[in-house]
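# Structural overview
So the chains spell out like this:
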Amino acid sequence: MTAGDHGPLTRLAAGVGRRTVAAVEIFGVYGALLGGSLYWLVAGPRQRQPVRLGSVILQMMEIGVRAIPIIATMAATIGVMLAIQGIHTLKLFGAESRVVIGIALSVTREFAPLITGIIIAGRSGSALAARLGTMTINQEIDALDAMGVNPVRFLVAPALFAMIIMVPALTIFSDLVALFAAGVFVGVDLGISMAAYIDQTIEILNTDHVMHGLSKSAIFAVLIALIGVANGASVSGGAEGVGRVTTRAVVQSISAIVVTDMAFAFLVTR
Amino acid sequence: MKHEVTERAGTTVVAFAGDVDLQNSPQARKVLLEAVAGEHPVLVDLSGVDYIDSSGVASLVEALQTARKRDLGFALVAVSESALRVFQLAHLDKVFTIHGTLDDAFADNR
Amino acid sequence: MGAAVEYPAPAKVVEVSDLVAHFGSRLILKGVSLDVREGEIMVIMGGSGSGKSTLLRHILGLERRTSGTIRLLGEDTSTLNARQMSDLRKKIGVAFQGGALFSSMSVGDNIMLPLHEHTDLDPTTMEIMARLKLEVVDLAGFENLMPAELSGGMTKRAAFARAIIMDPRILFCDEPSAGLDPVVASALDDLILRLRGALGMTIVVVTHEVESACKIADRMTLLDNGEVLFTGTVDEVRAHPSERIQNLLNRRAETDTIDPDEYLRRLTGEDVDGGRV
């Protein structure tokens, strides 16, 4: 019944073809999810199928507000770590007092967006994949479709937009916490007063530095959401499958964040 | 769906005609709640209603409850066979007073 | 919604013709044709692997078909755009096998979801409607429970309540009695009969349970191996001379329909790059 000739060559060709198709398909899926979410945001209200603000806010609470303690802890740790490392390295040149520049730039441009992205990927990207995976297995996605409710509008768009708002917001928060924690350490270690530290930091930082970090964090947000959703929706094989896609979503989104971070830094500094 | 509100012998008679469905039951609800906000008992004449869906039934339930709270009489008139089956499915025939015709309703109230 | 169209009785509300469907490269449906008339209970019966669930998913527009046409309420679903499809779906209800209730919402919110998404009704009206439907499925007072707190039979009832909240023209039920004890299963059969009796709904049930099928069906379609064996009333099916049909009804294992070539291919793994994972 199935296509008759399955010679080794045809099979290999078919295999290669399928893999290529699969790769193209994945980007197609991401594009469709992103495009679909934007489409429903703009066109939804006119079709009386709006992306619900309530759902977005609920997701924002889940993604953002509940992550504040862990992000504060991690950002403070990174801030102190940068201060220790910076002072240690600059001591070699007897330039310890220059550490403030290093801290200000590396926190806002690199470490705050990165640590925020990684924590959100681990916390919310995984939760999103698990939720979508469970819903797929329980036929809840089919049920939405069958009742004429578009799953992208109902599930994906709120998570995506909540991510796009919350990850940059949390990045600003970790900027502040990391800079402050570093300031405390620098104060104790080098005897620079907090007021002087803050003055210096403000002098060094301009909008470009902060925006560099924030733009990156917005891209991270999109990556986390899309990778979480796409993995969750591709689940197969019951509860075990949900565990598998959840792990895959976290690994993929952290990898994507790190690679994007590098690419972004490269492109912007050209 | 069309509706008509009239007074007869100290009773508000609300008559609906056509289909009561998801599109127009909000309007039916408004009419019913206005009727039970008045001072007179209310009769809802469904003789002209071909089809009533559950949103229409729900509006009738809400109006009945409001009327009860205000000690107003509230009864249905000429519920079609198909609508009656919907009422029976949810045991609502035990909750509503249902009269065969308007004249019956007034005769019963004597 | 719109003007009620008067069909010359009995109108066909579901029309499937020559439906061919693959899963990967595996052929699942081999040209299935099926009509469901307005107001009847049509049972699609078959064993596991017969393609009955796939057929249902196709009718609901949840899968892409290889060829063939499907008409729902007179509309060819392949010609509809997303918005028209969504409008059409408001007129059908589906009770999925596992209930498919949204686990993050209470039973009441689950049932009201279609109303929230598709109507401008007053919240009071929606709540009363949800409670009415819960009455109908004998789950009165359960609206504040979460789906995880319900038993298997209660979950299916709640799924029925959600499926009929918009007073659909057609109700689809996937394996209503699967995984339930006989008493609960039989109560669900009664519920299906009551719904049709009171609301005149067209009901399509997919099941592998012979007793349940014979109890509720006006007509049955027997599906085996992706093909329709026979469509007819319960009596016609029971009286049918074909051994294959009688085997299916009596659940006797089938031995004589194995295609030796295909079987050999299966054993030697020649067929492995089908759609299977």
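Residues numbered from 1 in each chain as written. Chains lettered and ligands numbered in written order. Predicted model: local features only at pLDDT ≥ 70, side-chain atom pairs only at ≥ 80, totals over all residues.

On to the overall build of chain A, then. When its secondary structure is counted, chain A shows nine helices and zero strands. Order of helices (α) and strands (β) in chain A, N terminus to C terminus: α-α-α-α-α-α-α-α-α. Per-residue burial over chain A gives 42% buried out of 270 residues. A separation of at least 24 residues holds for 84% of the contacts in chain A among residues at least 6 apart in sequence. (Helix = DSSP H or I, 4+ residues; strand = E, 2+ residues; numbered from the N terminus. Buried ≥ 20, exposed ≤ 12 C-beta atoms within 10 Å, placed from the backbone. Contact = placed C-beta atoms within 7 Å.)

Looking now at the sheet that holds strand 5 (residues 97-99) of chain B. Residues and elements named next belong to chain B. Pairing is mixed across the open sheet formed by five strands, whose spatial order is 1-2-3-4-5. Sheet topology places strand 1 (2-8) and strand 5 at the edges, where each strand pairs with a single neighbour. Direction aside, the axes of adjacent strands within the sheet are offset by 25 degrees on average. Direction of pairing for strand 1 relative to strand 2 (residues 11-20): antiparallel, over a ladder of seven bridges. In the strand pairing of strand 2, Lys 2 is matched with Ala 17. Those strands touched by helix 1 (residues 25-36) are strand 1, strand 2, strand 3 (42-52) and strand 4 (74-77), and its axis lies near 175 degrees from that of strand 2. (Pairing = 2+ DSSP bridges. Axes fitted to C-alpha atoms, helices over the stretch in contact; angles between N-to-C directions.)

With that settled, the discussion passes to unusual backbone geometry. Residue and element names in this part refer to chain B. The phi dihedral of Asp 71 is positive, around 60 degrees, even though this residue is not glycine. Within the secondary structure, Asp 71 sits in the loop between helix 2 (54-69) and strand 4. Here Asp 71 falls in the exposed class, since 7 other C-beta atoms lie within 10 Å of it.

Turning to the confidence of the model for chain A, a few remarks are in order. Of the residues in chain A, 90% reach a pLDDT of 70 or more, and the chain-wide mean stands at 87. Predicted confidence for residues 1-16 of chain A stays below pLDDT 50, and this span has 13 contacts to residues more than four positions away or in other chains. (pLDDT = per-residue confidence, 0-100.)

The subject of this paragraph is the packing of helix 3 (residues 81-89) of chain B against helix 6 (residues 182-199) of chain C. Where helix 3 of chain B contacts helix 6 of chain C, the axes come no closer than 8 Å and their chain directions differ by 150 degrees. Where helix 3 of chain B approaches helix 6 of chain C, its residues Arg 85, Val 86, Gln 88 and Leu 89 of chain B are matched on the opposing element by Arg 194, Ala 198 and Leu 199 of chain C. Among the residues forming the contact of helix 3 of chain B with helix 6 of chain C, the class breakdown is four nonpolar, one polar and two charged. (Nonpolar A, V, L, I, M, F, W, Y, C, P; charged D, E, K, R; others polar.)

Residue-level contacts link 17 residues of chain C with 22 residues of chain B. Listing elements by their share of the side of chain C that touches chain B, those giving two or more residues are helix 4 (123-136) and helix 6 of chain C. Per element, the largest residue contribution to the side of chain C that touches chain B is seven residues, and it comes from helix 4 of chain C. Along the lines of polarity and charge, the residues of the side of chain C that touches chain B split into nine nonpolar, three polar and five charged.

Looking now at the pairing of strand 1 (residues 12-23) of chain C. Residue and element names in this part refer to chain C. Direction of pairing for strand 1 relative to strand 2 (residues 26-37): antiparallel, over a ladder of nine bridges. Across the sheet, Val 20 pairs through a bridge with Lys 30, a residue of strand 2. Turn length for the strand 1-strand 2 hairpin, with the two strands adjacent in sequence and antiparallel, is two residues, and the turn residue Gly 24 shows positive phi of about 65 degrees. Pairing between strand 1 and strand 4 (residues 67-72): five bridges, direction antiparallel. Bridged to Val 14 within strand 4 is Leu 72.

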